[in-house]
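Notes for the structure review
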There are 2 protein chains.
Amino acid sequence: MRKGIETRERILEIAEAAVLAKGFGATSIDELIAEAGITKSGFFYHFKDKNELARGLLARYSARNNLLLAGVFGRANELTEDPLQRLLIGLNLFAEHMAAIPEGHPGCLVATMSYQDRLFNREIRELVTETVKGWNGFFRGMIEDILAIYTPREAIDPDRLARTICCSIDGGIIMSKALGQPGVLPEQMLMARNYVKMLFHPVTVHAVQIEEVEAA
Amino acid sequence: MRKGIETRERILEIAEAAVLAKGFGATSIDELIAEAGITKSGFFYHFKDKNELARGLLARYSARNNLLLAGVFGRANELTEDPLQRLLIGLNLFAEHMAAIPEGHPGCLVATMSYQDRLFNREIRELVTETVKGWNGFFRGMIEDILAIYTPREAIDPDRLARTICCSIDGGIIMSKALGQPGVLPEQMLMARNYVKMLFHPVTVHAVQIEEVEAA
DNA sequence: CCGAAAACCGTACTGGAGGTACTGTAAACC
DNA sequence: GGTTTACAGTACCTCCAGTACGGTTTTCGG
């Protein structure tokens, strides 16, 4: 029945915002059901315990994130055949997407769950690890495509560079939150982009020129 | 009286580990006093409420961190007069220091508190912001010293680059935690180092050669 | 050594939260 | 129209944050 998954989705939506603002342990079920307009019975109908809620949150977040990644870099793939340009354009689009969020990025669920790993069972923790590995693998794949054609200024490990991109995002989110400046996240994503660019562009080319090439 | 601050320090030590493992909201006072071997009265003698505990944790963490920064980059300053080399050597020492922690970095208190900011009052949140600003300012100062002598490949904002270094650290900590690989943090710190190096070294120089120059 | 402050201990309470357990029931679907 | 879905209602238990307040030991300054 459709009403069921609708309520479930509403709970997850409310829970995600609460978890990102206060942490998982400090998020009470009572608070969630109050905002969702249901009773405790309703909550436990959808999630047998809090760990199941965490699993649902993570699955939802991961799916949404993968969709965003696929959208952004899929779009980049439409615009160019060059694997290097694909990554550079994708990171630009990604950064623009983050800059467009009015209140700034609400936070990375994987990051906050990594900082509260003792609250979860092994299954959830492994899910967190697999999620991050998935992101790294996504970027690593693109970097390997680049390395098949381009020779970098210095020898690089694609895994390492993929992690650098992920670090700039999660680190950027934290800095944005800590400083209260939403602009830091897109800014740092562009720094990671610039890192990639410097590694593969033998000659220094200004960003304006790059943009013209990308637009072509 | 000395015994007082000793107990207080023990509480903070235990609380820090707990907060970094489970989050602030999920850390119970009962658990802290059990491990510290005191009663609830003793706890509330030192901290009138949980917010005061947070303040103590943050102050302690910040002071310890500043000491580490001063030590590492002070040492780098002894080894060279060149501001660029100072930053590069300092980041190397910093990364080595992080790699030397057996279980890996336990976590950044500022990061976890940023992800639970609704649990704290405005004073604590401003303290978090000021702490991060302090780190950024520390790195920005060194970058400005470099810019006074060196011309980078591309125009850079020292503030932005300083944030990149901070992002690589906090992002690296998260990746290390999420992946269960302590080595990711020092690895990513060296990636940030390499970023700085590429920005200021017009000619590509291999890391081995750089190390020889630094050792001289 | 003594008085006073510091550094706790003991106990008792309130309110809220996680979670369990069951019964009941309106609505949807087949 | 019967079964399943999707909840509501009620009651209960345990654990935790926080308050209150009186009592006790330890430490240090004089």
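Our subject is the structure listed above.
Here is a short report on the structure shown in this document. As a convention, each chain's residues are numbered from 1 in the sequence order in which they are written. A letter from A marks each chain and a number from 1 marks each ligand, given out in the order of writing. Predicted model: local features are reported for residues with pLDDT of at least 70 only, side-chain atom pairs are reported and counted for 80 or more only, and whole-chain, interface and lining totals are derived from all residues. Water and hydrogen atoms were dropped before computing side-chain values, which therefore reflect all heavy atoms in the structure.

Re the packing of helix H7 (residues 122-147) of chain A against helix H8 (residues 158-179) of chain A
Residue and element names in this part refer to chain A. Interhelical geometry of H7 versus H8 gives an angle of 130° and a closest axis separation of 8 Å. The orientation of H7 with respect to H8, classified from their angle, is oblique. Relative to H8, the crossing made by H7 is right-handed. Only Pro158, Asp159, Leu161, Ala162, Arg163, Ile165, Cys166, Ile169 and Asp170 of H8 make contact with H7, whose side of the interface consists of Trp135, Asn136, Phe139, Arg140, Ile143, Glu144 and Leu147. Any residue that is not Ala, Val, Leu, Ile, Met, Phe, Trp, Tyr, Cys, Pro, Asp, Glu, Lys or Arg is counted as polar, Gly included; the first ten are nonpolar and the last four charged. Grouping the constituent residues of the contact of H7 with H8 by class yields 10 nonpolar, one polar and five charged. Note on method: axes are straight lines fitted to C-alpha atoms, helices fitted across the in-contact stretch only, with angles between N-to-C directions ranging 0 to 180 degrees. The way it works is that DSSP assigns letters per residue, a run of H or I at least four long becomes a helix, a run of E at least two long becomes a strand, and they are numbered from the N terminus. For classification purposes, an angle smaller than 35 degrees is called roughly parallel, one larger than 145 roughly antiparallel, one from 65 to 115 roughly perpendicular, and anything else oblique. In this scheme the crossing of two helices becomes right-handed for a clockwise turn of the near helix relative to the far one and left-handed for an anticlockwise turn of less than a right angle. Note on contacts: a residue pair is in contact if any heavy atoms of the two residues lie within 4.5 Å.

With respect to the nonpolar core
For soluble globular proteins, nonpolar side chains are generally found buried alongside one another. Residues Leu53, Leu87 and Phe139 of chain A together with Leu53, Leu87 and Phe139 of chain B are the most contacted members of the largest nonpolar core, which totals 131 residues. Each domain's extent is set by a domain assignment, obtained either automatically or from a database. Per-domain counts for this core show at least three residues from each of domain 1 (1-48) and domain 2 (62-215) of chain A. In this structure Leu87 of chain A touches Phe73, Phe139, Met142, Ile143, Ile146, Ile165 and Val196 of chain A, once residues within four positions along its chain are discounted. We call a set of buried Ala, Val, Leu, Ile, Met, Phe, Trp, Tyr and Cys residues a nonpolar core when their side-chain atoms join them within 4.5 Å. Classification of residues uses two cut-offs on accessible area relative to the type maximum, computed with a 1.4 Å probe and protein chains only: under 20% is buried, over 50% is exposed, and between them is partly exposed.

A closer look at the environment of Asp117 of chain B
As for its placement among the helices and strands, Asp117 of chain B is situated in the loop between helix H6 (109-114) and helix H7 (122-147). Along the backbone, Asp117 of chain B and Ser28 of chain B are 89 residues apart, and their C-alpha atoms lie at a distance of 18 Å. Aside from chain neighbours lying at most four places away, what touches Asp117 of chain B is Ala21 of chain A together with Arg125 of chain B.

Details of the environment of Leu179 of chain A
Within the element layout of this structure, Leu179 of chain A appears in helix H8. We classify Leu179 of chain A as buried; its relative accessible area is 9%. Not counting residues up to four positions away in its chain, the partners in contact with Leu179 of chain A are Val184 of chain A together with Thr129, Val132, Lys133, Asn136 and Arg163 of chain B.

So, helix H8 (residues 158-179) of chain B
All names here are of chain B. Given the number of residues in a helix, its expected span is that number minus one, multiplied by 1.5 Å. Between its terminal C-alpha atoms H8 stretches 31 Å, which fits the 32 Å expected from 22 residues at 1.5 Å a residue. Burial of H8 is extensive: 19 of the 22 residues sit out of reach of the surface. Downstream of H8 by one or two residues, Gly180 has phi in the positive range, about 70°.

Section: the packing of aromatic side chains
In this description, an aromatic ring pair is defined by two values, namely the gap between the centres and the angle between the planes. All names here are of chain A. Any pair of Phe, Tyr and Trp rings, taking the six-membered ring for Trp, is counted once the centres come within 6.5 Å. Such a pair is stacked with planes under 30 degrees apart, edge-to-face with planes over 60 apart, and tilted for the rest. In total, this model carries 19 aromatic pairs over all chains according to the counting rule given. Ring geometry for Phe73 and Phe139: centres 5.8 Å apart, planes at 85°, overall edge-to-face. Here Phe73 is found in helix H4 (residues 50-79), whereas its partner Phe139 is found in helix H7, with 66 residues between them in sequence. The exposure classification of Phe73 matches that of Phe139, with both residues buried. The cationic tip of Lys50 hangs over the ring face of Phe24; the distance from NZ or CZ to the ring centre is 4.8 Å. Throughout this description, the term charge over a ring refers to an Arg CZ or Lys NZ atom that lies within 6 Å of the ring centre and within 35 degrees of the ring normal.

Concerning the packing of H4 of chain A against H7 of chain A
Residue and element names in this part refer to chain A. Two elements in contact, H4 and H7, have axes separated by 10 Å at closest approach and are oriented at 5°. By the angle between their axes, H4 is roughly parallel relative to H7. Every residue of H7 that contacts H4 at Asn51, Ala54, Arg55, Leu58, Tyr61, Ser62, Asn65, Asn66, Leu69 and Phe73 is listed here: Glu123, Ile124, Leu127, Val128, Thr131, Trp135, Phe138, Phe139 and Met142. Here the residues of the contact of H4 with H7 sort into 12 nonpolar, five polar and two charged.

Describing helix H5 (residues 83-99) of chain A
With 17 residues, H5 of chain A extends 24 Å between its outermost C-alpha atoms, agreeing within 8% with the 24 Å of an ideal straight helix rising 1.5 Å per residue. For H5 of chain A, the buried fraction is high: 13 of the 17 residues fall into the buried class.

Thoughts on the pattern of salt bridges
Residue and element names in this part refer to chain A. Each salt bridge in this description consists of a side-chain nitrogen of Lys or Arg and a carboxyl oxygen of Asp or Glu lying within 4 Å of one another. One pass over the full model with this rule turns up 30 salt bridges over all chains. Between Arg140 and Asp159 there is a salt bridge, with the nearest N and O atoms lying 3.4 Å from each other. You can see Arg140 sitting in helix H7 and its partner Asp159 sitting in helix H8, a full 19 residues away along the chain. By relative accessible area, Arg140 is classed as partly exposed at 27%. A residue is classified by how much of its surface remains accessible, and Asp159, at 24% relative accessible area, is partly exposed. A single network of salt bridges, built from pairs that share partners, joins Glu9, Glu13, Glu16, Arg60 and Arg64.

Regarding the interface of chain B and chain A
Listed as interface residues are 52 residues of chain B and, on the opposing side, 51 residues of chain A. Buried area: the sum, over both parts, of the accessible surface (1.4 Å probe) that disappears when the two are put together. On the chain B side of the interface with chain A, the three residues burying the most area are Tyr115, Arg153 and Met198 of chain B, jointly 17% of the side's total. Run the count over chain B and chain A and you get two salt bridges. Residue Arg163 of chain A is joined to Glu187 of chain B by a salt bridge in which the shortest nitrogen-to-oxygen separation is 2.8 Å.

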